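Spelled out from the first residue to the last, the chains are:
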Amino acid sequence: MTLALAPFSAWLPSSRERLAISILQGRGVSLSDLLGRVAGAIKTAFEDPVWVRIEISQLQMHSGHLYIAAVDRDQDGKEKAKARAQIWASRVPGIVRKFTGQTGIELASGIKLLVYAKPVFKPEYGFSLDIVDIDPNYTLGDMEARLKRIRERLKSEGLAQRNKQLATPADFAHVAVISPPDAAGKGDFQAEADRLDAAGLCRFTYFDAVFQGERAKESLKDAFMAALSVHQHSTFCALVLIRGGGALADLHWLNEYVLAGMVCKFPCPVLVGIGHERDTTILDEYAHRSFGTPSKVIAHIRQQIATRALRGLEDWQAIVHAAQARLALAESRALQKRAEISTLTDRRLAQAETATIRQQELVSRQGTALLDLAVKQADRLHDMALTAAGAQVDIIAAKAEHLSISVNDRAQSTVERVERDVMGAFNSITLATRRSIDGIDEHLQDQWLGVAATAHRMLGTATHHLERDMADIRHFARKALDDAQEQTRDVMATILAHGIDPTLKRGFAVVKDRTGMPISSSHAAQQQETMNIQFRDGTIRVKKEST
């Protein structure tokens, strides 16, 4: 039977009043009771400690107790769970000594642990893990597994050997240095680096970074990017990573894939001097070269600079000797060519003179023969003219005598006409004779001019050959000198490309004469009245002191 309460509503309490009455009457559970039940449940469920995998997020020592902020992260590094853990003061020495002795590192943030701990829940403090032991082998295995994953990834991406395969610097002119701002090793490194910088031998650019703690990865990454930015407009010979000193446990902060990848991909050789002779990081494995300490890195740089300077001096001396030898050879060849030209010229001139004499003799003989022939022809023509004239006279005389009786006048006129004819014929014969003689003279003159032209042409040909040989010899001599000068300039350019300016900046100087040629011996220097000495920042002229 259900009782209807509506008629009695005016006298019944409201819902809010009913709640208040129930609380006052003791309904519900207090927080302490609830948490007490939770504590009891946890104590019943975990009577014995269990092995738990944790990662240290924070670490704090207080009153001898070691308090740990423990976390569990997913593959992306995000927290999935977190809890408090502690090692009580009575257990701290034994647990920490055992862990450090077997792993070689100290408990620090970021380290993963396998702890043997008992879950504890106290209403006033909440949940925590009471650590009674730590397995060092798990931490070592986790660190090694992490390094293995980094190595395999770098190998699969083709980055493992990239920085090692870069050409080893033969000299150092500009070096980038990444280090903590107040590291002890940086002071030792910088003391020697400042001396090299002051001498103008090598310039150092420093980038600060944190090498330990949760900020280490991002800080080092920023330093790498800053160095890369400078390298793009002011090329570095090498990038140096130094720390020096510090706890061994802090090295694990450097075992990051991002940092190892940046070492592999950096465009110039990376030199690592973290500061521990035996203990290394993943950066030591993939750097171009690893040194035990920062002091050893700067010692290597100093030694390379000294070796390069000595080699440059030896190369310069070798260049000077080679240039002198080439000049001497060129002078010798020039003298030899000059002697050959002189001999060849004398021989050609002698041949030309002999040929000219022969031509003159030939022309003389031909001219004499032609003249004799002309004289003989002239005499023969003269005799023929006289013979012809005599015959004509006899004929006319006979006719005149035969007709003189009857035709005296006519005979007289005939005689006169005959005389005129005879004179005309004689003149004609005489003129013909003269023309013949003139023709012979012109022929002789043409012959002589032809001979003279031939001789002149032969002499011109000989002269042309001589001038051409002289031009060839001058050309070859000039080419030999030009080749020697060009080779000297090439060698000088090679020296300059290897670093004349850096050599001058290291404290060396170049002594030159007034023409700008280097002076490489004291004997050569004593021959000069004035000399120019070229330093890194300018040139001064010195004058030989009179004795």
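Here the structure is a predicted model, which is why all the values come from computation and not from measurement.

You can see Cys 268 is positioned in the loop between α7 (257-265) and β9 (270-273). Judged by its relative accessible area of 3%, Cys 268 is buried. Separated by 31 residues in the primary sequence, Cys 268 and Cys 237 have C-alpha atoms spaced 6.4 Å apart. Residues contacting Cys 268, with those up to four places away along its chain left out, are Asn 163, Leu 166, His 231, Phe 236, Cys 237, Ala 238 and Leu 239.

Next up on the list: the pattern of salt bridges. Enumeration over the complete set of coordinates arrives at twelve salt bridges. Linking Arg 151 and Glu 144 is a salt bridge whose minimum nitrogen-to-oxygen distance equals 3.3 Å. The exposure class assigned to Arg 151 is partly exposed, which follows from its relative accessible area of 25%. Residue classification places Glu 144 among the partly exposed residues on the basis of a relative accessible area of 44%. Linking Glu 192 and Arg 195 is a salt bridge whose minimum nitrogen-to-oxygen distance equals 2.5 Å. With Glu 192 and Arg 195 both in helix α5 (residues 184-198) and three residues apart, this pair spans about one turn of that helix. Under the relative-accessibility criterion, Glu 192 is labelled buried at 14%. Relative accessible area serves as the criterion here: at 51%, Arg 195 is assigned to the exposed category. Taken together, the shared-partner salt bridges in this structure form one network comprising Glu 144, Arg 151 and Glu 285.

A contiguous nonpolar patch, built from Val 29, Leu 31, Leu 34 and Val 38 and spanning about 350 Å² of accessible area, is present on the exposed surface. Secondary-structure assignment places Val 38 in helix α2 (residues 31-45). Given the relative accessible area of 30%, Val 38 is considered partly exposed.

Judged by pairing direction, the sheet is parallel, and its five strands sit side by side in the order β7-β6-β8-β9-β10 without closing on themselves. Edge strands, defined here as strands with exactly one partner in the open sheet, are β7 (203-208) and β10 (289-290). The pairing of strand β6 (residues 174-179) with strand β8 (residues 238-242) spans four bridges and is parallel. Note on β8: the bridge partner recorded for Ala 176 is Leu 239. Sheet strands touched by helix α6 (residues 216-231): β6, β7 and β8. Its angle to β7, the strand with the most contacts, is close to 150°.

This next bit is on the side chain of Ser 219. One can find Ser 219 in helix α6. Judged by its relative accessible area of 14%, Ser 219 falls in the buried class. Filtering out sequence-adjacent residues up to four positions away, Ser 219 remains in contact with Ala 209 and Val 210.

Okay, the packing of α6 against α7 next. At a minimum axis distance of 10 Å, the contact between α6 and α7 shows a crossing angle of 15°. Relative to α7, the element α6 is oriented roughly parallel. The interaxial crossing formed by α6 with α7 has left-handed handedness. In this structure, α6 uses Lys 217, Leu 220, Lys 221, Phe 224 and Met 225 to contact α7, whose residues at the interface are Val 258, Leu 259, Met 262 and Val 263. Considered class by class, the residues forming the contact of α6 with α7 number seven nonpolar, no polar and two charged.

What follows deals with helix α4 (residues 136-156). Between its terminal C-alpha atoms α4 stretches 30 Å, which fits the 30 Å expected from 21 residues at 1.5 Å a residue. Buried residues of α4: Pro 136, Thr 139, Asp 142, Leu 147, Ile 150 and Leu 154, and no others. Along α4, the residues classed as buried sweep out an arc of 140° about the axis, all on the same side. Exposed and oriented more than 90 degrees from the buried face of α4 are Asn 137, Lys 155 and Ser 156. In this structure, the buried side of α4 is in contact with α3 (92-103), β4 (112-122), β5 (126-134), α7 and α8 (282-286). Sitting at the head of α4, Asp 135 places a side-chain oxygen 3.1 Å from the backbone nitrogen of Asn 137.

Conventions and cut-offs
The numbering scheme is per chain: residues are counted from 1 as the chain's sequence reads. Local features are withheld for residues below a pLDDT of 70 in this predicted model, meaning they are given only at 70 or higher, and side-chain atom pairs are given and counted only at 80 or more; totals for whole chains, interfaces and linings count all residues. Neither water nor hydrogens contribute to the side-chain values; these are computed over all heavy atoms in the structure. Only DSSP runs of H or I with at least four residues qualify as helices, and only runs of E with at least two residues qualify as strands; both kinds are numbered from the N terminus onward. Exposed residues in this analysis have more than 50% of their type's maximum accessible area, buried residues have under 20%, and partly exposed residues fall in between, with area computed by a 1.4 Å probe over protein chains only. Two residues form a contact once any of their heavy atoms are found within 4.5 Å. Salt bridges, as used here, are contacts in which a Lys or Arg side-chain nitrogen is within 4 Å of a carboxyl oxygen on Asp or Glu. Only residues whose relative accessible area exceeds 30% and that form no salt bridge are eligible for patches; like-charged ones are grouped when within 9 Å, while nonpolar side chains (Val, Leu, Ile, Met, Phe, Trp, Tyr) are grouped when within 5 Å. Surface accessibility in these figures is a Shrake-Rupley result with a 1.4 Å probe; residues are shielded only by whichever protein chains are displayed. Only strands that DSSP links by at least two bridges are regarded as paired with each other. To get an axis, a line is fitted to the C-alpha atoms, and for a helix only the part in contact is used. The angle between two axes follows their N-to-C directions and goes from 0 to 180 degrees. Any angle that is under 35 degrees is reported as roughly parallel, and any over 145 degrees as roughly antiparallel; angles of 65 to 115 degrees are reported as roughly perpendicular and all others as oblique. The hand of a helix crossing depends on one turn: near helix anticlockwise from the far one by less than a right angle means left-handed, and clockwise means right-handed. The classification used treats Ala, Val, Leu, Ile, Met, Phe, Trp, Tyr, Cys and Pro as nonpolar, Asp, Glu, Lys and Arg as charged, and all other residues, Gly among them, as polar. Expected span of a helix, by definition, is 1.5 Å for each gap between consecutive residues, and there is one gap fewer than residues. Of all possible arcs, the one meant is that of the directions from the helix axis to the C-beta atoms. Polar contact is the term for a pair of N or O atoms within 3.5 Å; when the atoms are in protein, one must be able to donate a hydrogen and the other to accept it, and sequence-neighboring residues count only if both atoms are side-chain atoms.

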